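Each chain, letter by letter, is given below.
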Amino acid sequence: MSYDIPTLNHLDLLSGLMRRFAETGDAVAGLQWALPYVLETLSAEAGSLFLHRPDEAVLECAVCVGPVDVTGLKVPQDKGLVGRAFTEGKGELVADATKDKAHYKAADSGSGFQTLSTATAPVKSKEKTFGAIQAINRRDGDEIGNFAPEDLQLLEALAEILALALSNVELTQQAISDQLLQRDLAQAEEAQASLMPTPDKEGFAAGHVIPARQLSGDFFDHMRVGNRLAFCQGDVAGKGITASLMMARSIALFRRLARQEFSAADMADTINYEFLDVASDKFVTFAVGWLDCETGAVEFVNCGHGAAVIIPMDADEVTTIESQTIPLGLAPYDKAELSPHHFNLTRAHLFLTTDGITEAEFKGREIGLGGLASLSRRLGGDSAQDKVSGIMSLFETGKLTTHDDATILVVTKPEAKGEAA
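What to know about the overall build of the protein
Summing up its helical and strand segments, the protein has 10 helices and 19 strands in all. Counting all 421 residues of the protein, 47% fall into the buried class.

What to know about the confidence of the model for the protein
Reading fine detail from the predicted coordinates is not recommended where pLDDT is low. Model confidence for the protein is summarised by a mean pLDDT of 81, while 81% of its residues fall at 70 or above. This model gives residues 1-8 a pLDDT under 50, and the stretch forms 15 contacts once residues within four places in sequence are excluded. Per-residue pLDDT stays below 50 along residues 417-421; that stretch engages in five contacts with residues further than four places along the chain or on separate chains.

What to know about the nonpolar core
Ranked by size, the top nonpolar core spans 51 residues in total, and within it Phe219, Phe231, Val288, Phe300, Leu345, Leu350 and Val411 carry the most contacts. Counting 26 residues, the second-largest nonpolar core is a separate cluster that includes Val38, Ala62, Ala159 and Leu162.

Description of the pattern of salt bridges
A side chain with one charge can pair with a side chain of the opposite charge if their charged atoms come near. For the structure shown, the criterion picks out 14 salt bridges. Taking the shortest distance from any N to any O, the salt bridge between Glu274 and Arg249 comes out at 3.7 Å. A residue pair is termed long-range when its members are at least 10 positions apart, and Glu274 in helix 7 (residues 264-277) and Arg249 in helix 6 (residues 240-259) qualify at 25 residues. Overall, the relative accessible area of 22% leaves Glu274 in the partly exposed class. Each of the salt bridges in this network shares a partner with another, and the network as a whole consists of Arg84, Glu92 and Asp100.

A closer look at a nonpolar patch on the surface
A cluster of nonpolar side chains, namely Phe283, Ile326 and Leu330, defines an oily patch on the protein surface of about 250 Å² accessible area. Mapping Phe283 onto the fold places it in the loop between helix 7 and strand 11 (284-292). Judged by relative accessible area, which is 33%, Phe283 ranks as partly exposed.

What to know about the sheet that holds strand 15 (residues 341-344)
Taking strand neighbours across the sheet as the criterion, the five strands line up as 9-10-11-12-15 in an open arrangement whose pairing is antiparallel. Of all the strands in the sheet, just strand 9 (218-225) and strand 15 have a single pairing partner and so form its edges. When the angles between neighbouring strand axes are averaged without regard to direction, this sheet yields 15 degrees. With eight bridges joining them, strand 9 and strand 10 (residues 228-236) adopt antiparallel strand pairing. Across the sheet, residue Val225 finds its bridge partner in strand 10, namely Arg228. Where helix 7 meets the sheet, it contacts strand 11 and strand 12 (297-303), and its direction lies at approximately 150 degrees from that of strand 11.

Focus on helix 9 (residues 368-378)
Within helix 9 the residues assigned to the buried category are Leu372, Ala373, Leu375 and Ser376. Considered in projection along helix 9, the buried side chains sweep an arc of 165 degrees and stay on one side of the axis. Exposed positions of helix 9 whose direction lies more than 90 degrees from the buried face are Gly370 and Arg378. Buried-residue contacts for helix 9 involve strand 13 (308-312), strand 16 (348-353), helix 8 (355-358) and helix 10 (384-396).

Some words on the packing of aromatic side chains
Applying the stated criterion across every chain, the model contains three aromatic pairs. Taken together, a centroid distance of 6.4 Å and an interplanar angle of 35 degrees make the contact between Phe219 and Phe286 tilted. Linking Phe219 in strand 9 with Phe286 in strand 11, this pair joins segments that are 67 residues apart in sequence. Considered together, Phe219 and Phe286 belong to a single accessibility category, that of buried residues.

Focus: the pairing of strand 9
Successive residues of a regular strand alternate their side chains across the two faces of the sheet. Burial within strand 9 is extensive, with seven of its eight residues counted as buried. Connecting strand 9 to the antiparallel partner strand 10 that follows it, the hairpin turn spans two residues, and Gly226 within it adopts a positive phi of roughly 65 degrees.

Observations regarding the sheet that holds strand 19 (residues 406-412)
Taking strand neighbours across the sheet as the criterion, the five strands line up as 8-19-16-13-14 in an open arrangement whose pairing is antiparallel. Of all the strands in the sheet, the pair left with one neighbour each is strand 8 (205-210) and strand 14 (319-321). Sheet twist, expressed as the average angle between the axes of neighbouring strands with direction ignored, equals 20 degrees. One ladder, built from three bridges, connects strand 13 with strand 14; its direction is antiparallel. Opposite Val309, over in strand 14, you have Thr320 as the bridge partner. Here helix 9 sits on the sheet in contact with strand 13, strand 14 and strand 16, set at roughly 35 degrees to strand 13. Here helix 10 sits on the sheet and contacts strand 8, strand 16 and strand 19; the angle it forms with strand 8, its principal contact strand, is near 20 degrees.

Here we look at the environment of Arg224
With respect to the helices, strands and loops of the structure, Arg224 is situated in strand 9. Apart from residues no more than four positions distant in its own chain, Arg224 is found in contact with Asp200, Glu202, Phe204, Leu229 and Cys293. In terms of polar contacts, Arg224 uses its side chain to reach the side chain of Asp200, at 3.3 Å.

Considerations on the side chain of His305
With respect to the helices and strands, the residue His305 is situated in the loop between strand 12 and strand 13. On the accessibility criterion, His305 (5% relative accessible area) is buried. Polar side-chain contacts of His305 include one of 2.8 Å to the side chain of Thr285. A distance of 3.4 Å separates the side chain of His305 from the backbone oxygen of Thr353, its partner in a polar contact. With sequence-adjacent residues up to four places away left out, His305 is seen in contact with Gln233, Gly234, Asp235, Thr285, Phe286, Ala287, Ser323, Thr353 and Thr354.

Some details on the pairing of strand 2 (residues 58-65)
Most of strand 2 sits inside the fold, with seven of its eight residues counted as buried. Summarising the sheet, strand 1 (residues 44-53) and strand 2 pair through seven bridges and their orientation is antiparallel. From the neighbouring strand, Gly47 faces strand 2, where its bridge partner is Val65. If you look at the hairpin formed by strand 1 and strand 2, you'll find four residues sitting between the two strands, and Ala57 has a positive phi there, around 55 degrees. Here three bridges tie strand 2 to strand 3 (residues 74-76), and the two strands are oriented antiparallel to one another. The residue of strand 3 that forms the bridge with Glu60 is Lys74.

About the criteria used
Residues numbered from 1 in each chain as written. Predicted model: local features only at pLDDT ≥ 70, side-chain atom pairs only at ≥ 80, totals over all residues. Heavy atoms only, no water. Helix = DSSP H or I, 4+ residues; strand = E, 2+ residues; numbered from the N terminus. Buried < 20%, exposed > 50% of the residue type's maximum accessible area, 1.4 Å probe, protein only. pLDDT = per-residue confidence, 0-100. Contact = heavy atoms within 4.5 Å. Core = buried A, V, L, I, M, F, W, Y, C linked by side-chain atoms within 4.5 Å. Salt bridge = Lys/Arg side-chain N within 4 Å of Asp/Glu carboxyl O. Patch = residues over 30% accessible without salt bridge, like charges linked within 9 Å, V, L, I, M, F, W, Y side chains within 5 Å. Areas by Shrake-Rupley, 256 points an atom, 1.4 Å probe, with all protein chains shown as cover. Pairing = 2+ DSSP bridges. Axes fitted to C-alpha atoms, helices over the stretch in contact; angles between N-to-C directions. Arc of directions from axis to C-beta. Phe/Tyr/Trp six-rings, centres within 6.5 Å; stacked < 30°, edge-to-face > 60°. Polar contact = N/O pair within 3.5 Å; in protein donor to acceptor, adjacent residues only side chain to side chain.

Next up, the structure:
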């Protein structure tokens, strides 16, 4: 007995499997169509396709054709004739399953069907074994005969086609999943960007975030409340979706407290308490302050954030404001730790940055706070937006490079029209 395998239209079988998967989005639907085709070719009375469920260490009947439906039957992955083919990775013929100790008799006893002759082949690719396909009881007229080596050869060839189809299904499903994930990430990135404020129209504050990945844990915010401007900058430990959610929560709390005109110290203390209350495993470096837009007076608190720098327009000397306490979310604060710094930003700029700015490289060397001050003096303009735009242009042209999230916030009291330079 021999088969001319090309006459069985195996390419049609493969394309049919993939077409039905594309139409239904269900791999099993394609296999339900394919298995009768296989069994008819082998003159088999029944047959089943068992797929591996690694989470349960079983082979589960996904598709069944024959007088008894055993769909859903689960066989331990190392038991039964299908388990043997699966674990050993090779096909086999059994003339009388009732005499084989490996035969999983529970399937027959529960259904009343008698398994005699079998041909079983693993459904495997080079990278993975998906399960096993089994043909049962070869029909020879009204009699049940034995499957021949040629039958097994054919079944193995068809199992390879099924494995190829399943591999393609997995790749397709992964591609769809990746596309959905990319879409979700793009939407999250867009939503995160929308949380960052546009530059203050009168030039008091402006900022920018350059995320190292799609989602960043860096953030800044500023908002006008009467004649004052509240501002903050922070850096959530870690990256990705969890950090971005923590970032969004930080901004929401900042805005709520700023509208209630909490002092800088009270904002830091209250947000810290909120983070401790939910027992988050994240912490946030945080700097927050108020600017009086009429006088230029500032009150400012730095909680574990990088050093802020005050750069005067008329002098070379700069002032740095180091962290005065631990980041938010680690432990309750002693109010004495939150004693605010007071200074004036008339004809001066306050630069708040994350590491991605101060560790950015210019001609292979980190710029640091000193380099940032030098760049600020070289940049034209007086408003906060002028300074931020100038710094960002250096990144855009490649003169500055960074490998981390890079965030900058500049706060100043712009000169009113008519003020002497």
